Amino acid sequence: MATIEELKADSERKMTSALKALHTELAAIRTGRATPSLLDQVKVDYYGTATPVNQLANVSVPEPRMIVIQPWDKSLMKEIEKAIMTSDLGLNPNNDGTVIRLSLPILTEERRKELVKVVHKKGESARVAVRNIRREYNDAVKKLLKGKEITEDDSKDAMDASQKLTDQYMKQIDDILAKKEKEVMSI
């Protein structure tokens, strides 16, 4: 059976992973400024495999409100366009035969508020993930206590440490969400 230290290290690793996943998801939410990371979640069907756009093309940002995609294989133009249209980015690609241009429209106040709701939804998913990790850790500690592998004092200390770790990650999630909300709402 794992020790309390191993359980704590594993929980911290999982919580850090949940935080990284939140960062990745929030990077895909557009804020009115063009960044190549907007396309990170867009997958293209490339010979039966879902492949990220950045692995099939050069993605650049020549202007603050435009993304240019230059596929290495010109036969993928239609597939890339289709993947962008079916994604939840709300962008219409323009294909001139050699490159695909994505113009980011200015976000309306209403759309910004919708994006803030999406940001909060993703944040809540991260919070749930962190709480589930805490619950798994606490269950493992209870199992150790039941098996008489640790004392009740050790169990209480471990549960307190688990709660402190959870609170620490919840604060980080709140900070990330506040920053992203400010970014989305700024013009």
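Keep in mind that what you see is a predicted model, and the values were worked out from it rather than measured.

Conventions adopted
Residues numbered from 1 in each chain as written. Predicted model: local features only at pLDDT ≥ 70, side-chain atom pairs only at ≥ 80, totals over all residues. Heavy atoms only, no water. Helix = DSSP H or I, 4+ residues; strand = E, 2+ residues; numbered from the N terminus. Rg over C-alpha atoms; globule rule 2.2 N^0.38 Å. Buried < 20%, exposed > 50% of the residue type's maximum accessible area, 1.4 Å probe, protein only. Areas by Shrake-Rupley, 256 points an atom, 1.4 Å probe, with all protein chains shown as cover. Lys, Arg positive; Asp, Glu negative; His and termini not counted. Charge placed at Lys NZ, Arg CZ, Asp CG, Glu CD. 1 Å grid on protein atoms, 1.4 Å probe; cavity = no way out; pocket = protein on both sides within 12 Å on 5 of 7 lines; lining within 4 Å. Points joined across faces, edges and corners; volume = space filled by probe spheres on them. Nonpolar A, V, L, I, M, F, W, Y, C, P; charged D, E, K, R; others polar. Domains from an automatic or database assignment. Contact = heavy atoms within 4.5 Å. Buried area = accessible area lost by both parts, 1.4 Å probe. Pairing = 2+ DSSP bridges.

This part takes up the overall build of the protein. Counting secondary structure elements, the protein contains 4 helices and 6 strands. Put simply, the protein runs from its N terminus to its C terminus through helices and strands in the order α-β-β-β-β-α-β-β-α-α. For 187 residues, the compact-globule estimate of 2.2 N^0.38 gives 16 Å, and the protein exceeds it by more than 25% at 22 Å. For the protein, the spread of C-alpha atoms along the three principal axes comes to 70 × 40 × 20 Å. Taken over 187 residues, the protein has a buried fraction of 37%. With the model as given, the accessible surface of the protein reaches about 11100 Å², and the carbon-plus-sulfur share is 52%. Distance from the positive charge centre (32 side chains) to the negative charge centre (30 side chains) of the protein: 4 Å.

Here the largest pocket is characterised by a volume of approximately 270 Å³. Contributing to the lining of the largest pocket are 14 residues, with Ala28, Ile29, Asp88, Leu89 and Lys122 lying nearest its centre. Residue contributions to the lining of the largest pocket peak at 4 residues, all from helix H3 (residues 109-146). Of the residues that constitute the lining of the largest pocket, the class distribution is 7 nonpolar, 2 polar and 5 charged. The residue makeup of the lining of the largest pocket includes at least three contributed by each of domain 1 (2-27 + 107-184) and domain 2 (34-101). Volume-wise, the second largest pocket comes out at about 160 Å³. Surrounding the second largest pocket, His23, Leu26, Ala27, Ile176, Lys179, Lys180 and Glu183 form its lining. Only helix H1 (4-27) and helix H4 (152-185) provide two or more residues apiece to the lining of the second largest pocket. Ranked by the residues each element gives to the lining of the second largest pocket, the list is headed by H4, at 4 residues.

This paragraph deals with the environment of Asn94. Relative to the helices and strands, Asn94 is located in strand S5 (residues 93-95). Given the relative accessible area of 45%, Asn94 is considered partly exposed. If we ignore the near neighbours within four places in the chain, the residues touching Asn94 are Val99, Ile100 and Arg101.

As a further point, take the domain arrangement of the protein. Taken as a whole, the protein is organised into domain 1 (2-27 + 107-184) and domain 2 (34-101). On a C-alpha basis, the centres of domain 1 and domain 2 stand 33 Å from each other. Facing the 4 residues of domain 1 at the interface are 6 residues of domain 2. Summed over the three residues of domain 1 that lose the most area to domain 2, namely Thr24, Ala27 and Arg111, the buried surface amounts to 80% of that side. Among the residues making up the side of domain 1 that touches domain 2, the classes are represented as 2 nonpolar, 1 polar and 1 charged.

We now examine the pairing of strand S2 (residues 49-52). Direction of pairing for strand S1 (residues 43-46) relative to S2: antiparallel, over a ladder of 4 bridges. Residue Val44 lies in a different strand from S2, and its bridge partner there is Thr51. In this structure, the hairpin formed by S1 and S2 is closed by a connection of 2 residues, where Tyr47 is found at a positive phi of approximately 55°.

Relative to the helices and strands, Ser87 is located in the loop between helix H2 (77-86) and S5. Taking the relative accessible area as the measure of exposure, Ser87 reaches 19% and is therefore buried.

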